[in-house]
Amino acid sequence: MSDTFTMDSPQPRLLDQTGQGVIGTPMNRPDGPRKVSGQACYTADAVTEGVAHGVLVRSTISRGRVTGMDLASVMSIDGVIDVITDPRMIRNPAQGMAGEAPVQPGDAVHYHGQPIALVVAESFEAARDAAQRLTVHYETEEASVTPEGTSASETDDPETAGDFDAAWQAAEVKVDLNFTTPSQAAAAMEPHAAIAEWKDNSVTVHSSLQMIRFNKKELADTLGIDPSQVRILAPFVGGGFGSKLGLGPEAVAAAIASQRLGRPVRVVMTRQNVFDCVLRRSETAQRVRLGATQDGRITAISHDDTVSNLDGEGFSEPVSQASQFLYGADGLSFTQTVARIAATPAGSVRAPGEAVGMLGLEAAMDELAERLGMDPVELRLKNLPDKHPMDGREYSTRRLADCLREGAENFGWAQRGAAGMRREGDWMIGMGMASAARSSMLVKSASRVRLTGDRAVVETDMTDIGTGTYAILAQITAEMLGLSPERVEVRLGDSDLPGASGSGGSFGANSAGSSTFLAARKIRRRIADLLGCAEDDLTLQGGRARGLNRDMALADLVQEELEAEATIKAGKTAESHFSSGFGAHFAEVAVNEWTGEVRVRRMLSVMSMGRILNEKTARSQALGGMIWGIGAALTEEMQNDQRDGHVVTRDLANYHVPSHADVPGDMQVLFLEERDDWANPIQTKGIGELGISGAGAAVLNAIAHATGHRVYDFPALPDRVIAAMEVEI
Amino acid sequence: MKTTLTVNGTQHEVGHDPRRTLLDTLRDDLGLTGTKKGCDHGQCGACTVLLNGERVNSCLCLTAMHDGDEITTIEGIGAPERLSALQRAFVERDGFQCGYCTPGQIMSATAMLKEIAEGSPSYVSDDLDAPKLSDGEMAERMSGNLCRCSAYPLIREAIAMAAEVKE
């Protein structure tokens, strides 16, 4: 039985009262030994007897209709079983938390690279060969494939607070800057994959997905069956970063093919499929206007943007999200335009909004500081608002000022000096900084905890996409029940288990962590009953229960299994208080005078993100985000052909994610202690996305400091750096 | 067609499609799924194995070309209950997150340590005759192994830690 706890009031810090002492510690991941030995079972590894292999066929037009396929052109290939088209197939992955079928286009083609059929064969080689050879006939239509070229766009009413126009007019010092960022790919190392098998009237699908509770509904709705007929398994997910939030075409195709052929079918996207049809991060065009008084008080903030997406997709990259709550002003205004284009649809990629919006905002802040003749750290410290500037909510906790000061101190910011002055041979050296901010959420989530003796099991359909869920749920449960974490088994990624928030939006630990905490808390109460004491008098530690002069081993006390399920959801605290992680990024770069090459020499990020549940996995998440920032600043750029929109950079040799050589060894993370009582009963904030938010801007600002020149079109590729250096100032 | 391979010390005769890659043979014919497919084009390194002691991208190897060869996969390095020093260091230093690229990183690092020990220089070596294991050397030599979770600094800490244990 699961009753629901609603987060209506600040919660006491029980995890600071318990005595086991494992919460927050840098415990190794319990799933680590399996991962380093190749024993962790990812989707494509779960091969069963008699499996057939499917390869998706992509459209090679940008808009129109499939009028026919020459099946004879491939059915003669040895091993080919079937070429499947089906009205239930989907155009693209579901958006995060959709919970319903994505667009099912039938024979319509809406973008170049759209999956239009599945070839199934006895071998992968035969299926791949046939998918490439299949002759498809189309009726083509005209289509706009670039935001600049389309006439179909929607502009929202501005979101405002105060009077921006008046504040802008009156501002003594102004910057009015335009920035662009390209489309980016999540590019998780594990390609999207599914293995489907039907038994009776139910389908079991292994698929690499982040949000099982939603994905189950999406698949049921797509296939036109009841959710009770669907089971989804994702015990290990090889990275997601948003790209696996929603059910994908490979899972639907595998399910349909398996039903039709009466045998298990595996569909693994080729890396090229992944670039073609998995949701990308939209390109952005941003205009940032900041106005201030002579002494550096910001009076006007405006951040307008244009992003793109395909028709029928509700998502639009929330570019100005952080600009709306990071700094205060007398007048603020934010306007978004969504251009409708016939290209790979856009969706959530790690820190949608902040990841690219903060590149513009924080680069503009840097330039404003320059105009004011102020230190960039000082400018930020001077402009921290008392309340959320747009809606007046209180900040739950915000240690941004501490992060800025600690960061400056630890990084050696005082040695920065004037722009363009430090050289080492052909290399110009510079330092840059930026604020970090990423709003934090609580999403409805359920967990079950079972305890027999001194062994506990946690069960939830939550996923671990590398984030450390296996570790932190074991730690929370161990802490609450006074157990060594090795005595806690965590079962994840199975839709038969209680439905969690899933992994996304940095809310996984907040949400699934809290529901696990609440379920474990119920078990604590039951233990107190067994021991005959009040919960407040109970101490659970080292596998023993103590209270009111009794002291018993759990192994003796809990002879019959105790089971409890709990659900949490957001409530009134989310309306009264705004929760966000905050931090400060600092970077030092070297820019080659002749080649324009940029090398990041060191980075430091100081972050306050609520209670840290596991210092080790939290640090990994933070570092990962910072390195994504390096990628966004320097190398990552998805390019589409300007004629038909097809993805040109559709493999890892052409889409440049950071590699070892792009990342210095000197990457430091400092966490500042914090408890967010308004956020959830475990006092956490999201971690997975704060690291990227603003990180790239610190690198870009360091380039400006090194060279005395700014790049406005990101990433700062060598040719753009050289062009910037040739601009007379 | 048929090819004989010795994998982790065990000889196998596999029947296969001529187009079969060593990666797919290992994964789908021999059930050694620890070796991962990330790109199938030699761009990510997730499929790294040792071929007669040298690291290779197994997705770029056709099975048919390796008759009689000796292959070592992650399964041949160490199981969960008896991990190698390098595997233990990866766990200790959190040199991974999602874990998908990890077998490739570990296979690549295993060979890289041997390459440095044998005095094989890289593009960044200060001393071409006797390269030393530095962070810069590791960054250069491990750049064929992508990690999108971006555990890079921790991967290199883990490798350095394991190298110290060995010395």
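Every residue gets a number counted from 1 within its own chain, in the order that chain's sequence is written. Each chain gets a letter, beginning with A, and each ligand a number, beginning with 1, in the order they are written. Since the coordinates come from a predicted model, pLDDT governs what is reported: local features require at least 70, and pairs of side-chain atoms require 80 or more to be given and counted, while whole-chain, interface and lining totals use all residues. No hydrogens and no water enter the side-chain calculation; it runs on all heavy atoms of the structure.

Points about the environment of Gly32 of chain A
Turning to step 1, where the next piece is worked out: Note on conventions: DSSP H or I runs of at least 4 residues are helices, E runs of at least 2 residues are strands, and numbering of each starts at the N terminus. Along the chain, Gly32 of chain A turns up in helix H1 (residues 32-36).
Turning to step 2, where the next piece is worked out: On a C-alpha basis, the gap between Gly32 of chain A and Tyr470 of chain A in space is 9.7 Å, while along the polypeptide they are 438 residues apart.
Turning to step 3, where the next piece is worked out: Whether two residues touch is decided by their heavy atoms; if any such pair falls within 4.5 Å, the residues are in contact. Excluding its chain neighbours within four sequence positions, the residues that come into contact with Gly32 of chain A are Val91 and Phe96 of chain B.

Description of empty space enclosed by the protein
One simple way to see leftover space: roll a probe sized like a water molecule over the atoms.
All names here are of chain A.
Turning to step 1, where the next piece is worked out: Within this scheme a cavity is a closed region of a 1 Å grid, computed over the protein atoms alone, that accommodates a 1.4 Å probe without allowing it to escape, whereas a pocket is open but has protein on both sides within 12 Å along at least five of seven lines; lining residues each have an atom within 4 Å of a point. Grid points are joined across faces, edges and corners, and a volume is the space filled by probe spheres set on the points. In total, this model carries four cavities of 30 Å³ or more according to the counting rule given.
Turning to step 2, where the next piece is worked out: Quantified by volume, the largest cavity comes out at close to 80 Å³.
Turning to step 3, where the next piece is worked out: In terms of lining, the largest cavity is formed by 14 residues, of which the most central are Ala185, Ala186, Ala187, Val274 and Val278.

Some details on the UniProt feature "domain: Aldehyde oxidase/xanthine dehydrogenase a/b hammerhead" (unreviewed entry) in chain A
Turning to step 1, where the next piece is worked out: UniProt positions are given in the numbering used here, feature names are shortened, and annotations may be inferred rather than shown by experiment. Following the UniProt record, the feature "domain: Aldehyde oxidase/xanthine dehydrogenase a/b hammerhead" (unreviewed entry) maps to residues 37-142 of chain A here.
Turning to step 2, where the next piece is worked out: Across residues 37-142 of chain A one finds 13% helix and 32% strand; the C-alpha atoms that close the span lie 51 Å apart.

Regarding the domain arrangement of chain A
Residue and element names in this part refer to chain A.
Turning to step 1, where the next piece is worked out: Annotation of chain A at the domain level lists domain 1 (14-40 + 442-569), domain 2 (43-143 + 186-277) and domain 3 (353-441 + 576-725).
Turning to step 2, where the next piece is worked out: Where each domain starts and ends follows an automatic or database-derived domain assignment. Domain 1 and domain 2 are separated by 36 Å when their C-alpha centres are compared.
Turning to step 3, where the next piece is worked out: Counting residues at the interface gives 24 residues for domain 1 and 21 residues for domain 2.
Turning to step 4, where the next piece is worked out: Salt bridges are counted wherever a side-chain nitrogen of Lys or Arg sits within 4 Å of a carboxyl oxygen of Asp or Glu. At the surface where domain 1 touches domain 2, the tally comes to two salt bridges.
Turning to step 5, where the next piece is worked out: Between Asp496 and Arg231 there is a salt bridge, with the nearest N and O atoms lying 3.1 Å from each other.
Turning to step 6, where the next piece is worked out: For the purposes of these results, a polar contact is taken to be a pair of N or O atoms within 3.5 Å, where, inside protein, one atom must be able to donate a hydrogen and its partner to accept one; residues adjacent in sequence count only when each atom of the pair is a side-chain atom. At the surface where domain 1 touches domain 2, the tally comes to ten residue pairs in polar contact (both at pLDDT 80 or more).
Turning to step 7, where the next piece is worked out: Taken together, the residues of the side of domain 1 that touches domain 2 sort by class into seven nonpolar, nine polar and eight charged. Residues were grouped as follows: Ala, Val, Leu, Ile, Met, Phe, Trp, Tyr, Cys and Pro as nonpolar; Asp, Glu, Lys and Arg as charged; and all remaining residues, including Gly, as polar.

A look at the interface of chain A and chain B
Interface size, as often reported, equals the accessible area lost upon joining of the parts.
Turning to step 1, where the next piece is worked out: The partner chain B presents 54 residues to the 61 residues of chain A that form the contact.
Turning to step 2, where the next piece is worked out: Throughout, the accessible surface (probe 1.4 Å) given up by two parts as they are put together, summed over both, is called the buried area. Taken together, the two surfaces of chain A and chain B that pack against each other cover about 4500 Å², and 55% of this comes from carbon and sulfur.
Turning to step 3, where the next piece is worked out: Its largest share of buried area at the contact with chain B, chain A owes to Val36, Met189 and His660 of chain A, together 20% of the area lost on that side.
Turning to step 4, where the next piece is worked out: Here chain A and chain B share nine salt bridges between them.
Turning to step 5, where the next piece is worked out: Between Glu636 of chain A and Arg148 of chain B there is a salt bridge, with the nearest N and O atoms lying 2.8 Å from each other.
Turning to step 6, where the next piece is worked out: Where chain A touches chain B, the interface holds 34 residue pairs in polar contact (both at pLDDT 80 or more).
Turning to step 7, where the next piece is worked out: The set of elements that each furnish at least two residues to the side of chain A that touches chain B consists of H1, helix H3 (124-133), helix H7 (271-277) and helix H15 (615-634) of chain A.
Turning to step 8, where the next piece is worked out: Among the elements that take part in the side of chain A that touches chain B, H15 of chain A stands out by supplying nine residues, more than any other.

Things to note about the nonpolar core
Turning to step 1, where the next piece is worked out: Buried Ala, Val, Leu, Ile, Met, Phe, Trp, Tyr and Cys residues form a nonpolar core when they are joined through side-chain atoms within 4.5 Å. Each residue gets one of three labels from its accessible area relative to the maximum for its type: buried under 20%, exposed over 50%, partly exposed in between, using a 1.4 Å probe on protein chains only. If you look at the biggest cluster of nonpolar residues, it comprises 189 residues, and the most contacted ones within it are Leu481 and Ile527 of chain A together with Ile159 of chain B.
Turning to step 2, where the next piece is worked out: Once residues lying within four places of it in the same chain are set aside, the contact partners of Leu481 of chain A are Val449, Leu451, Ala456, Ala520, Ile523, Arg524, Ile527, Leu540 and Leu554 of chain A.

Some thoughts on the environment of Leu604 of chain A
Residues and elements named next belong to chain A.
Turning to step 1, where the next piece is worked out: Counting through the fold element by element, Leu604 comes out in strand S31 (residues 598-608).
Turning to step 2, where the next piece is worked out: The spatial distance from the C-alpha of Leu604 to the C-alpha of Glu406 is 10 Å, given a sequence separation of 198 residues.
Turning to step 3, where the next piece is worked out: If near-sequence neighbours (up to four positions away) are discounted, Leu604 is found in contact with Gly407, Asn410, Phe411, Ala584, His585, Phe586, Met626, Gln668 and Leu670.

Notes on the layout of surface pockets
Turning to step 1, where the next piece is worked out: In this structure, the second largest pocket spans a volume of roughly 620 Å³.
Turning to step 2, where the next piece is worked out: Lining the second largest pocket are 36 residues, and of these Val55, Phe124, Arg128, Thr270 and Gln272 of chain A sit closest to its centre.
Turning to step 3, where the next piece is worked out: Of all the secondary-structure elements, those providing two or more residues to the lining of the second largest pocket are strand S2 (52-58), H3, strand S14 (265-268) and H7 of chain A together with helix H1 (22-29) of chain B.
Turning to step 4, where the next piece is worked out: Looking at the lining of the second largest pocket element by element, the count peaks at six residues for S2 of chain A.
Turning to step 5, where the next piece is worked out: When grouped by side-chain class, the residues that make up the lining of the second largest pocket number 15 nonpolar, nine polar and twelve charged.

Brief notes about the domain arrangement of chain B
Residues and elements named next belong to chain B.
Turning to step 1, where the next piece is worked out: Domain boundaries in chain B define domain 1 (2-76) and domain 2 (85-166).
Turning to step 2, where the next piece is worked out: Taken together, the 16 residues of domain 1 in the interface contact 16 residues of domain 2.
Turning to step 3, where the next piece is worked out: Taken together, the two surfaces of domain 1 and domain 2 that pack against each other cover about 1300 Å², and 55% of this comes from carbon and sulfur.
Turning to step 4, where the next piece is worked out: The interface formed by domain 1 and domain 2 holds one salt bridge in total.
Turning to step 5, where the next piece is worked out: Among the ionic pairs, Glu115 bridges to Arg55, the shortest N-O distance being 2.9 Å.

What about the sheet that holds strand S5 (residues 108-109) of chain A?
Turning to step 1, where the next piece is worked out: Here, any two strands with at least 2 DSSP bridges between them count as paired. In spatial order, the strands read S5-S3-S7 (chain A); together these three strands make up an open sheet with antiparallel pairing. Of all the strands in the sheet, just S5 and strand S7 (135-140) of chain A have a single pairing partner and so form its edges.

With respect to the side chain of Arg281 of chain A
Residues and elements named next belong to chain A.
Turning to step 1, where the next piece is worked out: Its location among the elements puts Arg281 in the loop between H7 and strand S15 (284-292).
Turning to step 2, where the next piece is worked out: Residue Arg281 is classed as buried on the basis of its relative accessible area of 0%.
Turning to step 3, where the next piece is worked out: Looking at Arg281, its side chain comes within polar contact range of the side chain of Glu317, at 3.1 Å.
Turning to step 4, where the next piece is worked out: In terms of polar contacts, Arg281 uses its side chain to reach the backbone carbonyl oxygen of Val349, at 3.0 Å.
Turning to step 5, where the next piece is worked out: Excluding residues within four positions of it along the chain, Arg281 makes contact with Ser183, Gln184, Glu317, Gly347, Val349, Arg350, Ala351, Pro352, Gly353, Ala355, Val356 and Ile692.

A closer look at the sheet that holds strand S2 (residues 10-15) of chain B
Residues and elements named next belong to chain B.
Turning to step 1, where the next piece is worked out: An order of S2-S1-S5-S3-S4 is seen for the five strands of this open sheet, with the pairing classed as mixed. Edge positions in the open sheet fall to S2 and strand S4 (54-57), since each of these has one partner strand only. Across the sheet, the mean angle separating the axes of adjacent strands is 40° when strand polarity is ignored.
Turning to step 2, where the next piece is worked out: In the sheet, strand S3 (residues 48-51) pairs with S4 via four bridges, with the strands oriented antiparallel. Residue pairing across strands places Leu51 opposite Glu54, the latter belonging to S4.
Turning to step 3, where the next piece is worked out: Working convention: axes come from line fits to C-alpha atoms, limited for helices to the stretch in contact. Angles between N-to-C directions cover 0 to 180 degrees. Contacting strand S1 (2-7), S2, S3 and strand S5 (70-72), H1 crosses the sheet at an angle of about 75° to S1.
Turning to step 4, where the next piece is worked out: The sheet contacts of helix H3 (residues 102-117) involve S3, S4 and S5, and relative to S3 the element is tilted by about 45°.

Focus on the pattern of salt bridges
Residues and elements named next belong to chain A.
Turning to step 1, where the next piece is worked out: Under the counting rule described, the total for this entry stands at 74 salt bridges over all chains.
Turning to step 2, where the next piece is worked out: Note that Arg281 and Glu317 form a salt bridge whose closest N and O atoms lie 3.1 Å from each other. Of this pair, Arg281 sits in the loop between H7 and S15 while Glu317 sits in the loop between strand S16 (298-309) and strand S17 (331-334), and the two are 36 residues apart along the sequence. Each of the two residues, Arg281 as well as Glu317, counts as buried.

Points about the packing of aromatic side chains
Turning to step 1, where the next piece is worked out: Put simply, two rings from Phe, Tyr or Trp (the six-membered ring, in Trp's case) pair if the centres are within 6.5 Å, and we call them stacked under 30 degrees between planes, edge-to-face over 60, tilted for the rest. Under the counting rule described, the total for this entry stands at 14 aromatic pairs over all chains.
Turning to step 2, where the next piece is worked out: Relative to Trp628 of chain A, the ring of Phe241 of chain A lies with its centre 4.8 Å away and its plane at 50°, an arrangement referred to as tilted. Placement of Phe241 of chain A in the loop between strand S13 (230-233) and helix H6 (249-261) and of Trp628 of chain A in helix H15 is noted, with a sequence separation of 387 residues between them. By the burial criterion, Phe241 of chain A is buried, and Trp628 of chain A matches it.
Turning to step 3, where the next piece is worked out: In textbook terms, an aromatic cluster arises when at least three aromatic residues are bridged by ring pairs, as seen for Tyr42, Phe236 and Tyr470 of chain A together with Tyr100 of chain B.
Turning to step 4, where the next piece is worked out: Only Lys NZ and Arg CZ are tested; either one counts as a charge over a ring when it is within 6 Å of the ring centre and within 35 degrees of the ring normal. The positively charged end of Arg289 of chain A is found above the aromatic ring belonging to Trp168 of chain A, 5.7 Å away from the centroid.
Turning to step 5, where the next piece is worked out: Against the face of Phe124 of chain A rests Lys37 of chain B, its NZ or CZ located 4.0 Å from the ring centre.

Quick notes on helix H10 (residues 400-411) of chain A
All names here are of chain A.
Turning to step 1, where the next piece is worked out: With twelve residues, H10 extends 16 Å between its outermost C-alpha atoms, agreeing within 8% with the 16 Å of an ideal straight helix rising 1.5 Å per residue.
Turning to step 2, where the next piece is worked out: Of the positions making up H10, those classed as buried are Leu400, Cys403, Leu404, Gly407, Ala408 and Phe411. Axial view of H10: buried residues confined to an arc of 125°, hence all on one face.
Turning to step 3, where the next piece is worked out: Structurally, H10 contributes buried residues whose contacts are with helix H9 (376-382), strand S21 (427-439), strand S30 (580-592) and S31.
Turning to step 4, where the next piece is worked out: Backbone geometry just after H10 places Gly412 at a positive phi near 80°. By this rule the span expected of a helix is its residue count minus one, scaled by 1.5 Å. Of all possible arcs, the one meant is that of the directions from the helix axis to the C-beta atoms.

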